[in-house]
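# Structural overview for review
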Amino acid sequence: MYSIKRFADPAVASPAWSEVEELLLVGLNEYHEQVRKSGKPFDYDKPIEGLRALDRYTLQFKSKETRPRLMEVFAQGDLYGAVAREVIEAYPGDSMAHPVGTGPFVLKQWRRSSLMVLERNPVYRERFYDQEVDPAPDDAEGQALKARFKGRRLPMVDRVEIGVIEENQPRWLSFLNGEYDFIERTPEDFITQAMPNGRIAPNLEKQGKHAYRTVASDVLFTVFNMEDPVIGGYTPEKIALRRAIGLAIDVSRELRLVRRGQAMLAQSLYMPGTTGYDPDFRSDMSSFDPARAKALLDLYGYVDKDGDGWRDRPDGSPLLLESLTTPEQFQRQIDEIVQKNLNAIGLRIAFKPAKWPENLKSLRAGKYQIWSLATSASKPDGQDSLARMYSGQIGAQNYARFRLPAVDKLYDEASHLPDGPERMKIFEETKRYAVAYMPYKYRGHRFITDIAQPQMSGYRRPQFWLNWWEYVDIDPDAAAKFKH
C-alpha cells in the first residue's frame with residue numbers, strides 16, 4: 001500500500017502517476033489533488049478506500065470503473081515492486097543507493113557506470129526450476145532444460161558480475177576474449193561478424209558459443225511535437241508536412257546499413273508480442289516515396305518562394321526543421337541518412353546534440369521539435385502504445401503532445417473493454433489515425449542477438465523483463481572442452 005501510494009504523492013513527482021491515476025482507485029486521486037493544492041505532506045497512514053490491506057497477504061483494490069487489466073499494471077515489477085518504507089524515510093532522495101529487496105540476489109557492489117556485483121540472497125525463499133518453468137510441448141530446447149535442471153533450487157549461481165562498457169568495440173572484444181560469460185544485445189556494428197546470414201559464425205560455433213536471436217517488443221520512432229508552431233498542428237498543411245517527412249525518410253536504408261539488418265520495418269504504433277500488433281498489417285508508415293513527399297509539399301504551399309533552393313512555409317517565412325540528437329557515431333550515421341533524404345525534397349534540418357537524459361527532459365517539457373528514439377513494451381497489452389496518442393498522457397507517455405477527442409474516446413473505450421474482437425477493432429482504428437495525422441513516424445522493430453559462452457546454459461530472453469539470472473547455470477568443464 002505504501003509503495004503504490006508513493007505514486008500519488010506530489011512530492012515524489014512520479015512520471016508513472018498518470019498510469020495509476022487512470023485506474024481511478026476510490027479516494028486516491030482525490031487525496032492526491034487535496035495534497036497538491038494544500039501543499040501539506042502526504043499522509044501515508046491515511047486510509048484510502050480503493051487501496052486496502054485486508055490481512056498480511058491480501059491487497060484489495062476498488063476502482064470507480066471497470067479495469068479488466070488492473071492486475072497487469074501492478075505486475076510491472078520495474079515500477080510497482082514494493083519498496084521498504086524505512087529505507088525511503090532514512091535516505092530521503094537517495095534510496096537508489098541503498099537498495100533493499102526480497103529477490104534471489106543482493107547487491108554487494110556498485111560502481112556507477114562501471115560494475116554491479118550481485119550475490120545469492122542467503123535468506124531467499126524456496127523456488128525450484130521445474131516447478132516454475134513450463135515450456136510448450138513442442139519446445140524441444142525448453143523441455144531439455146527443464147529435464148536438466150529438475151529439482152534445482154533457484155538461483156543456480158552464487159554470484160553475478162555485470163560489467164558496464166558503453167562503447168561497442170571494447171564491449172564486443174572483451175566478450176570475444178573470454179572476459180565475460182555473456183553479451184547482451186550484440187552491437188549492430190559487429191553483427192555481421194557474429195551472425196552472418198542470421199546464423200552464428202562458424203568460428204564462434206567451434207568455440208562453443210550459443211546465439212539467441214529474438215524480435216524485441218520495441219519500436220524505433222521519430223516523434224513530432226504537435227504543439228510546435230512549425231511541425232505541429234492539425235490543419236491540412238501541417239499534417240501534409242509531417243506526412244511528407246515520413247514519406248521522404250528511407251528507413252530501409254537505416255535498417256540495412258546502420259543497423260546491419262537488425263530490425264524490421266514497423267507498420268504501426270503497436271509492438272511485437274502485444275495486443276494490437278498484427279504481423280500482416282501494412283500501412284504508409286513504412287513507405288519511402290520521395291515523389292509523393294514532394295507532391296504533398298507542393299500541393300500545400302511548401303515551395304521555394306525566395307529562390308534560395310530550399311522550401312519555405314506557406315506564408316513565405318523560412319522553413320528550418322530542428323531535431324534533438326545524441327553525439328555518438330552510431331546516431332550520426334542515422335542523422336546523415338535523414339538529412340540527405342530531407343535535403344533531397346528541399347527541406348533543411350539542423351541537429352542539436354545533447355546527452356540522452358537532457359533530451360528526455362526537453363521531450364517531456366515539450367521544448368523540442370523532432371526527436372528519434374525507441375521504446376520497449378513493459379507488458380503484453382497494447383494500451384501503453386495507444387497512450388502515446390492520449391491527451392491524458394501529455395507530459396508522460398504522449399511524447400508528441402497529440403490531442404484529438406476521437407482518439408481519446410477510443411482510448412477510454414479500450415481501457416474498459418475486456419480483451420476480444422471489439423477491443424481489437426479499436427486498435428485497428430487507432431492505427432489509421434496514427435498514419436493519417438503522423439504525430440509519430442514509426443520506423444522499425446529491432447532484432448536482439450544475445451550470445452553466451454559454452455559454460456553458460458539455461459539462458460532464454462524473457463519477452464518483457466530481464467529477470468533471467470536466477471535461471472542460468474555455469475559449468476566450468478564445458479568451457480574447458482573448447483580450449484583444446
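Residues numbered from 1 in each chain as written. Predicted model: local features only at pLDDT ≥ 70, side-chain atom pairs only at ≥ 80, totals over all residues. Heavy atoms only, no water.

### Notes on the overall build of the protein
Test applied: Every helix listed is a DSSP run of H or I at least four residues long, and every strand listed is a run of E at least two residues long, numbered separately from the N terminus. For the radius of gyration, the atom set is restricted to C-alpha positions; the globular benchmark scales as 2.2 Å times the number of residues to the power 0.38. Three exposure classes are used, based on accessible area relative to the maximum for each residue type with a 1.4 Å probe and protein chains only: buried under 20%, partly exposed in between, and exposed over 50%.
The helix and strand tally for the protein stands at 20 helices and 15 strands. For 484 residues, the compact-globule formula gives about 23 Å, and the C-alpha radius of gyration of the protein, at 25 Å, lands near that figure. Along the first, second and third principal axes, the C-alpha set of the protein runs to 75 × 65 × 45 Å. Evaluated residue by residue, the protein yields a buried proportion of 47% over its 484 residues.

### Some thoughts on empty space enclosed by the protein
The test is simple: Put simply, the grid is 1 Å and covers the protein atoms alone, a cavity is a trapped set of points that fit a 1.4 Å probe, a pocket is an open set with protein on both sides within 12 Å along at least five of seven lines, and lining residues have an atom within 4 Å of a point. Grid points are joined across faces, edges and corners, and a volume is the space filled by probe spheres set on the points. Side-chain classes follow a simple rule in which Ala, Val, Leu, Ile, Met, Phe, Trp, Tyr, Cys and Pro form the nonpolar group, Asp, Glu, Lys and Arg form the charged group, and the remainder, Gly included, forms the polar group.
Scanning all chains against the criterion turns up two cavities of 30 Å³ or more. In this structure, the largest cavity encloses a volume near 190 Å³. Looking at the lining of the largest cavity, the elements with two or more residues in it are helix 2 (17-22), helix 4 (70-74), helix 17 (383-387) and helix 18 (405-416). Along the lines of polarity and charge, the residues of the lining of the largest cavity split into seven nonpolar, four polar and seven charged. Residue lining of the second largest cavity: 16 residues in total, with Thr222, Ser323, Val338, Ile370 and Ser372 positioned closest to the centre. Of all elements in the fold, only strand 8 (218-224), strand 10 (320-325), helix 15 (329-344), strand 11 (348-353) and strand 12 (370-376) reach the threshold of two or more residues within the lining of the second largest cavity. With five residues, helix 15 is the single largest residue contributor to the lining of the second largest cavity. When its residues are assigned to classes, the lining of the second largest cavity shows 10 nonpolar, five polar and one charged.

### Here we look at the nonpolar core
Proteins that are soluble and globular tend to have nonpolar side chains buried together. The condition is simple: Residues enter a nonpolar core if they are buried and are Ala, Val, Leu, Ile, Met, Phe, Trp, Tyr or Cys, with the set joined through side-chain atoms within 4.5 Å. By the convention used here, residues are in contact when the closest approach between their heavy atoms is within 4.5 Å.
If you look at the biggest cluster of nonpolar residues, it comprises 60 residues, and the most contacted ones within it are Val223, Ile245, Leu321, Leu342 and Leu347. Discounting residues that sit within four places of it in the chain, Leu342 has contacts with Ile245, Ala248, Ile249, Leu321, Leu347 and Ile349.

### Observations regarding helix 3 (residues 28-38)
Here is the rule we go by: This arc is built from the directions going out from the helix axis to the C-beta atoms.
Along helix 3, the residues that are buried comprise Leu28, Asn29, Tyr31, His32 and Val35. Along the axis of helix 3, the buried residues cluster in a sector spanning 165°; they form a single face. Where the residues of helix 3 are buried, they touch helix 1 (2-8) and helix 2. In the stretch just after helix 3, Gly39 is the one whose phi turns positive, near 75°.

### Observations concerning the packing of aromatic side chains
Cut-off, in case you're wondering: Each pair of aromatic rings taken from Phe, Tyr and Trp, with Trp reduced to its six-membered ring, is defined by centres within 6.5 Å and is described as stacked if the planes are under 30 degrees apart, edge-to-face if over 60, and tilted in the remaining cases.
Inspection of every chain in the model, using the stated rule, returns 26 aromatic pairs. A ring pair is formed by Tyr212 and Tyr459, whose centres lie 5.1 Å apart and whose planes are at 75°; its orientation type is edge-to-face. Here Tyr212 is found in strand 7 (residues 210-215), whereas its partner Tyr459 is found in the loop between strand 14 (456-457) and strand 15 (473-474), with 247 residues between them in sequence. For the pair shown, Tyr212 and Tyr459 are each scored as buried. Judged by centre distance (5.7 Å) and plane angle (75°), the rings of Phe221 and Tyr440 are edge-to-face. Pair noted here: Phe221 is in strand 8 and Tyr440 is in strand 13 (residues 440-452), with a separation of 219 residues, a long-range link. The same class applies to Phe221 as to Tyr440, namely buried. An aromatic cluster of at least three residues, connected via ring pairs, comprises Phe182, Tyr212, Tyr459, Trp468 and Trp469.

### As for the packing of helix 12 (residues 236-248) against helix 14 (residues 290-299)
Rules: Angles run from 0 to 180 degrees between N-to-C directions of axes, and those axes are lines fitted to C-alpha atoms, restricted for helices to the stretch in contact. Note on angle classes: values under 35 degrees are labelled roughly parallel, values over 145 roughly antiparallel, values of 65 to 115 roughly perpendicular, and the remainder oblique. Each helix crossing is assigned a hand: it is left-handed if the near helix lies turned anticlockwise from the far helix by less than a right angle, otherwise right-handed if that turn is clockwise.
Look at helix 12 against helix 14: their axes get within 8 Å of each other, and the N-to-C directions meet at 165°. Relative to helix 14, the element helix 12 is oriented roughly antiparallel. Remark: the crossing between helix 12 and helix 14 carries left-handed chirality. On helix 14, the residues that touch Ala240, Leu241, Arg243, Ala244, Leu247 and Ala248 of helix 12 are Pro290, Arg292, Ala293, Leu296 and Leu297. For the contact of helix 12 with helix 14, the class distribution of residues is nine nonpolar, no polar and two charged.

### Some points on the environment of Arg311
Counted only if it meets this: Polar contacts, as used here, are pairs of N or O atoms within 3.5 Å; protein pairs need one atom able to donate a hydrogen and one able to accept it. Residues neighboring in sequence count only if both atoms are side-chain atoms.
Structurally, the position occupied by Arg311 is in the loop between helix 14 and strand 10. When its relative accessible area of 10% is taken as the criterion, Arg311 is described as buried. Counting along the chain gives 98 residues from Arg311 to Lys409, while the straight-line C-alpha distance between them is 37 Å. Beyond its immediate chain neighbours, meaning those up to four positions away, Arg311 contacts Lys294, Leu297, Asp298, Tyr302, Val303, Asp304, Leu319, Ile345, Gly346 and Leu347. Side-chain polar atoms of Arg311 contact the side chain of Asp298, separated by 2.7 Å.

### Let's talk about the pairing of strand 5 (residues 159-163)
Threshold: If DSSP finds at least two bridges between two strands, the strands pair.
Here strand 5 shows a buried face lined by Val160 and Ile162 and an unburied face lined by Arg159, Glu161 and Gly163. Relative to strand 5, strand 4 (residues 115-120) is paired through five bridges, and the arrangement is antiparallel. From the neighbouring strand, Leu118 faces strand 5, where its bridge partner is Val160.

### Let's talk about the packing of helix 12 against helix 19 (residues 421-437)
It is at 8 Å that the axes of helix 12 and helix 19 come closest, and there the two elements cross at 95°. Here helix 12 lies roughly perpendicular to helix 19, going by the angle between them. Here Ile239, Arg242 and Arg243 of helix 12 lie close against helix 19, whose contacting residues are Val435, Ala436 and Tyr437. Here the residues of the contact of helix 12 with helix 19 are counted per class, giving four nonpolar, no polar and two charged.

### Section: the side chain of Gln453
Mapped onto the elements, Gln453 comes out in the loop between strand 13 and strand 14. A residue is classified by how much of its surface remains accessible, and Gln453, at 4% relative accessible area, is buried. Polar contacts involving the side chain of Gln453 include one to the main-chain carbonyl oxygen of Phe175, which spans 2.8 Å. Excluding residues that lie within four positions of it along the chain, Gln453 makes contacts with Phe175, Gly178, Tyr180, Asp181, Gly208, Lys209 and His210.

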